[in-house]
Amino acid sequence: MMRRAWMTYAPVCGLIFGLAFRPAAAKADPAAILNHLQATPASQLDLALAQLGEKVDAAGAGSFDGFADVEDKDIMIRAYSTTAKPDQASCRKIMDRIKKAGGVDPKTGQADNPASAYASLFSFPGVDESKIDESYAETVDSMIAIMVVIGQTGDGKGMVCQSRLLSTDISYKKE
């Protein structure tokens, strides 16, 4: 008799228990989310930095990752690798790939065109850059710095190298 009563009430108890401890249902309103995001404008700087980060990632092709941000008055390209050997040769190789992807010859530090391909990412249709800066693209190039980090830093085993986009000089530091 007891077993029969349990078999009758077990499904009901399970249903009540399940309802009591399930997470609250999300209030599904995709339109509200999209409206909010569309009303929050991304700046042209945000868009350019995102595109620059994508170009750096593409240059890495899985051997290093990267992103771009702003530090003080510099546009910073930051790349990192956990698989490359943390030495000067590996750091230079990554630095050279980043420069070449931007249309800069790493041996001369000169852009293939009057300005790098990276500078073009900071230009937008309908904007007369000459009203902002007479040599807008060249000024953007002068603002770009690159930092490459290989391995784990903080224990003296990682390698950090830095350079300006339009420079042949690279500084190296074990960190």
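Treat the numbers as computed from the prediction; the structure is a model and nothing was measured. (Residues numbered from 1 in each chain as written. Predicted model: local features only at pLDDT ≥ 70, side-chain atom pairs only at ≥ 80, totals over all residues. Heavy atoms only, no water.)

A. Spatial organisation of the overall build of the chain. The secondary structure content of the chain amounts to 6 helices and 7 strands. Looking at the chain as a whole, 31% of its 175 residues are labelled buried. Within the chain, residue pairs in contact and separated by at least 24 positions form 47% of the contacts whose partners lie at least 6 positions apart. Within the structure as shown, the chain displays about 11600 Å² of accessible surface, and the carbon and sulfur contribution to it stands at 58%. (Helix = DSSP H or I, 4+ residues; strand = E, 2+ residues; numbered from the N terminus. Buried < 20%, exposed > 50% of the residue type's maximum accessible area, 1.4 Å probe, protein only. Contact = heavy atoms within 4.5 Å. Areas by Shrake-Rupley, 256 points an atom, 1.4 Å probe, with all protein chains shown as cover.)

B. Quick peek at the environment of glycine 53. Its location among the elements puts glycine 53 in helix α3 (residues 44-60). Residues within four places of glycine 53 in sequence aside, it is in contact with Gly66, Phe67 and Ala68.

C. Spatial organisation of the state of the cysteines. Going through the model one piece at a time under the given rule, you end up with 1 disulfide. Disulfide partner of cysteine 91: cysteine 161, at an S-S distance of 2.1 Å. Disulfide cysteine 91-cysteine 161: torsion about the S-S bond near -100°, hence left-handed. One end of the pair, cysteine 91, is in helix α4 (residues 88-101); the other, cysteine 161, is in strand β6 (residues 159-164), with 70 residues separating them in the sequence. Both residues of the pair, cysteine 91 and cysteine 161, belong to the buried class. (Disulfide = S-S within 2.5 Å.)

D. Fine view of α3. For α3, which comprises 17 residues, the first-to-last C-alpha distance of 24 Å matches the rise-based estimate of 24 Å (1.5 Å per residue) to within 8%. Turning to α3, its buried residues number three or more, namely Ala48, Leu49, Leu52, Gly53, Val56, Ala59 and Gly60. Buried residues of α3, viewed axially, fall in a sector of 140°; they line one side. Turned more than 90 degrees off the buried face of α3, the exposed positions are Glu54 and Ala58. Considering only its buried residues, α3 is in contact with β1 (65-71), β2 (74-81), α4 and α5 (117-120). (Expected span 1.5 Å × (residues − 1). Arc of directions from axis to C-beta.)

E. View of the side chain of lysine 99. Position of lysine 99 among the secondary structure elements: in helix α4. Aspartate 96 provides the closest opposite charge to the buried, salt-bridge-free lysine 99, at an N-O distance of 6.0 Å. If sequence neighbours within four positions are ignored, lysine 99 has contacts with Val104, Pro106, Ile146, Ser163, Arg164, Leu165 and Ser167. (Lys, Arg positive; Asp, Glu negative; His and termini not counted. Salt bridge = Lys/Arg side-chain N within 4 Å of Asp/Glu carboxyl O.)

F. Local environment of the nonpolar core. Core analysis: the largest hydrophobic core is formed by 32 residues, its most contacted members being Leu52, Ile77, Ile98, Tyr118, Phe122 and Val148. Of all the elements in the fold, those that place two or more residues in this core are α3, β2, α4, α5, α6 (136-143), β5 (144-150) and β6. In terms of residue count, the dominant contributor to this core is α3 (5 residues). (Core = buried A, V, L, I, M, F, W, Y, C linked by side-chain atoms within 4.5 Å.)

G. Just α6, in detail. Taken as a whole, α6 has its buried residues at Tyr136, Val140 and Asp141. Taken around the axis of α6, the buried residues stretch over an arc of 140°, which confines them to a single face. Buried positions along α6 lie against β2, α5 and β5.

H. Representation of the pattern of salt bridges. On inspection of all chains with the given rule, the structure shows 4 salt bridges. Where arginine 78 meets glutamate 71, a salt bridge forms, and the shortest distance between an N and an O atom there is 2.5 Å. Since its relative accessible area comes to 16%, arginine 78 is described here as buried. By relative accessible area, glutamate 71 is classed as partly exposed at 38%. Each of the salt bridges in this network shares a partner with another, and the network as a whole consists of Asp69, Glu71 and Arg78.

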